[in-house]
Amino acid sequence: MKNLKDAQILVDRTETGTEEFNEFQAILLNKSKERSKEQNNLIELMSLKFQMEDYLRSDGKQPLLVGDFLKAYLAAFEIRQNKFAEYIGVRPSNLSKLIKGERSLNHELALVFGKIFNNDPMLWLDVQDKNKLYELSKSKKQEIKRFSLNDLIDS
């Protein structure tokens, strides 16, 4: 039952600064040193994907642009914006506008981002759509407030 005991360490609360915590931290550090570059890249891609998905599930009171996520991907892999723009066949100025939120992401670029970063292109479009809906719900709040199913049925 030693394996079960070891597994229990992962689910029990462990106080920082304890010998048990330090051992666990050492195990994780050793495991991370054994990973290949490809494994580290995969972990980084998954982490960034989860951040995007978390954002989509959040209340959205602090909008994050598609460009914010793209910058995070580029930074994680130390890719310069100009190099990325050249690689995907867009002008650096257009990529810069996309990153700043001055230009919308189109479906073709969503496909390209999805392919390069190994995620669903809809993820990129969903981030953009969430922000657009949030923006519209604030600016058109009074207009939209007048609509209701009950009013429609009663009229």
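Okay, so let's go over this structure. (Residues numbered from 1 in each chain as written. Predicted model: local features only at pLDDT ≥ 70, side-chain atom pairs only at ≥ 80, totals over all residues. Heavy atoms only, no water.)

## Details of helix α6 (residues 92-100)
We apply this condition: Each residue gets one of three labels from its accessible area relative to the maximum for its type: buried under 20%, exposed over 50%, partly exposed in between, using a 1.4 Å probe on protein chains only. Numbering of helices and strands starts at the N terminus; helices are DSSP runs of H or I of at least 4 residues and strands are runs of E of at least 2. This arc corresponds to the set of directions leading from the helix axis out to the C-beta atoms. In what follows, residue pairs with any heavy atoms lying within 4.5 Å of each other are defined as contacts.
Listing the buried residues of α6 in full gives Asn 94, Leu 95, Leu 98 and Ile 99. For α6, the angular spread of the buried residues around the axis is 140°, confining them to a single face. Turning to α6, the residues buried within the fold contact α4 (66-76), α5 (81-88) and α7 (107-116). One or two steps after α6, the chain reaches Gly 101, where phi turns positive at roughly 85°.

## Quick word on the environment of Glu 143
Among the structural elements, Glu 143 can be located in helix α9 (residues 141-145). Between the C-alpha atom of Glu 143 and that of Pro 121, which follows or precedes it by 22 residues, the distance is 32 Å.

## Side note on the packing of aromatic side chains
Rules: Each aromatic pair joins two rings of Phe, Tyr and Trp (for Trp, the six-membered one) with centres within 6.5 Å, and gets the label stacked for planes under 30 degrees apart, edge-to-face for over 60, and tilted for any other angle. For a ring to carry a charge above it, either NZ of a lysine or CZ of an arginine must fall within 6 Å of the ring centroid while also lying within 35 degrees of the normal to the ring plane.
Summed over all chains, the structure comprises seven aromatic pairs. Aromatic pair Phe 84 and Phe 113: ring centres 5.8 Å apart, planes at 45°, arrangement tilted. You can see Phe 84 sitting in helix α5 and its partner Phe 113 sitting in helix α7, a full 29 residues away along the chain. For the pair formed by Phe 84 and Phe 113, the shared burial category is buried. Centre to centre, the rings of Phe 117 and Trp 124 are 6.1 Å apart; their planes meet at 40°, and the pair counts as tilted. Like Trp 124, Phe 117 is buried. Aromatic ring contacts, followed pair by pair, group Tyr 73, Phe 84, Phe 113, Phe 117 and Trp 124 into a single cluster. Just above the ring of Tyr 55 sits the side chain of Lys 130; from NZ or CZ to the centre is 4.5 Å.

## Considerations on unusual backbone geometry
In this structure, Glu 78 takes a positive phi of about 50° despite not being glycine. Summarising the element assignment, Glu 78 is placed in the loop between α4 and α5. Positive phi values are uncommon outside glycine, yet Asn 118 reaches one of about 55°. Inspection of the secondary structure puts Asn 118 in the loop between α7 and α8 (121-139). Residue Asn 118 is classed as exposed on the basis of its relative accessible area, which comes to 55%.

## Brief notes about a nonpolar patch on the surface
To be explicit about the condition: Patches here: salt-bridge-free residues with over 30% relative accessible area, like charges joined within 9 Å, nonpolar side chains (Val, Leu, Ile, Met, Phe, Trp, Tyr) joined within 5 Å. Accessibility throughout is a Shrake-Rupley quantity obtained with a 1.4 Å probe, and a residue counts as covered only by protein chains that appear here. A pairing counts as a salt bridge when a side-chain nitrogen of Lys or Arg comes within 4 Å of a carboxyl oxygen of Asp or Glu.
Among the surface-exposed residues, Leu 42, Ile 43, Met 46 and Phe 50 lie close enough to one another that they form a single nonpolar patch of about 360 Å² accessible area. Looking at where Ile 43 falls in the secondary structure, it is placed in helix α3 (residues 37-57).

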